[in-house]
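Spelled out, the chains give:
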Amino acid sequence: QVQLVESGGGLVQPGGSLRLSCAASGFTFSTYPMSWYRQAPGKEREFVARITWSGGSTNYADSVKGRFTISRDNAKNTVYLQMNSLKPEDTAVYYCNADRPTGWFRWGQGTQVTVSS
């Protein structure tokens with residue numbers, strides 16, 4: 001079955017960096033665009049970044065543009081999110097998922113990112 005396993009989160013000071021990973025299995029990873037989302041306490045899940053199946057095109061939420069970089073390795077069925085210049089408002093649980101016309105796969109457990117001094 002489909003599995004999405006996010007990792008790489010943690011506690012970081014403002015201005016710091018983290019690299020998140022999402023290992024996917026159970027579907028043909030290389031044929032789907034992939035996205036990162038996040039959900040802060042008391043808020044709805046929101047879009048963060050998207051990458052096409054080939055990695056040739058990316059787009060970002062305005063709040064992270066210029067600070068975050070999404071990438072993928074289709075040989076490893078993994079999508080990454082490099083996060084630099086982190087801010088307290090980036091604190092959230094981060095999730096990945098595939099962009100499908102029929103809707104998202106079942107969500108993984110996510111990885112917690114906490115930005116605090």
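A.B. asks: Any chance you could break down the overall build of the chain for me, citing the residues and the numbers?
C.D. replies: Helix and strand counts for the chain come out as zero helices and 10 strands. The order of α-helices and β-strands along the chain, N terminus first, is β-β-β-β-β-β-β-β-β-β. Over its C-alpha atoms the chain spans a radius of gyration of 13 Å, differing by no more than 12% from the 13 Å that the globule rule assigns to 117 residues. Projecting the C-alpha coordinates of the chain onto the three principal axes gives extents of approximately 40 × 25 × 20 Å. Counting across all 117 residues of the chain, residues that qualify as buried make up 43%. A fraction of 53% describes how many contacts in the chain between residues 6 or more apart in sequence connect residues 24 or more apart. Taken together, the 12 basic and 8 acidic charged side chains of the chain have centroids lying 4 Å from each other.

A.B. asks: Lay out the sheet that holds strand 5 (residues 46-51) with the relevant residues and their values.
C.D. replies: Spatial strand order, 2-10-9-4-5-6: six strands in an open sheet with mixed pairing. One side of each edge strand has no neighbouring strand; the edge strands of this open sheet are strand 2 (10-12) and strand 6 (58-60). Strand-to-strand twist of the sheet, defined as the mean angle between neighbouring strand axes without regard to direction, takes the value 25°. Pairing geometry for strand 4 (residues 34-39) and strand 9 (residues 92-98), over six bridges, is antiparallel. Residue pairing for strand 9: Gln-39 is matched across the bridge by Val-93.

A.B. asks: I'd love a proper account of the side chain of Asn-97, names of residues and values included.
C.D. replies: Position of Asn-97 among the secondary structure elements: in strand 9. Given a relative accessible area of 0%, Asn-97 falls into the buried group. One polar contact links the side chain of Asn-97 to the main-chain carbonyl oxygen of Phe-105, over a distance of 3.0 Å. Filtering out sequence-adjacent residues up to four positions away, Asn-97 remains in contact with Leu-4, Pro-33, Met-34, Ser-35, Tyr-37, Trp-104, Phe-105, Arg-106 and Trp-107.

A.B. asks: Run through the packing of aromatic side chains, naming residues and quoting values.
C.D. replies: One pass over the full model with this rule turns up nine aromatic pairs. Plain terms: the ring middles of Tyr-37 and Trp-107 are 5.4 Å apart, the flat faces sit at 85° to each other, and that makes the pair edge-to-face. Of this pair, Tyr-37 sits in strand 4 while Trp-107 is found in the loop between strand 9 and strand 10 (111-115), placing the two residues 70 residues apart along the sequence. Residue Tyr-37 is classed as buried on the basis of its relative accessible area, which comes to 9%.

Rules and cut-offs
- Residues numbered from 1 in each chain as written.
- Predicted model: local features only at pLDDT ≥ 70, side-chain atom pairs only at ≥ 80, totals over all residues.
- Heavy atoms only, no water.
- Helix = DSSP H or I, 4+ residues; strand = E, 2+ residues; numbered from the N terminus.
- Rg over C-alpha atoms; globule rule 2.2 N^0.38 Å.
- Buried < 20%, exposed > 50% of the residue type's maximum accessible area, 1.4 Å probe, protein only.
- Contact = heavy atoms within 4.5 Å.
- Lys, Arg positive; Asp, Glu negative; His and termini not counted.
- Charge placed at Lys NZ, Arg CZ, Asp CG, Glu CD.
- Pairing = 2+ DSSP bridges.
- Axes fitted to C-alpha atoms, helices over the stretch in contact; angles between N-to-C directions.
- Polar contact = N/O pair within 3.5 Å; in protein donor to acceptor, adjacent residues only side chain to side chain.
- Phe/Tyr/Trp six-rings, centres within 6.5 Å; stacked < 30°, edge-to-face > 60°.

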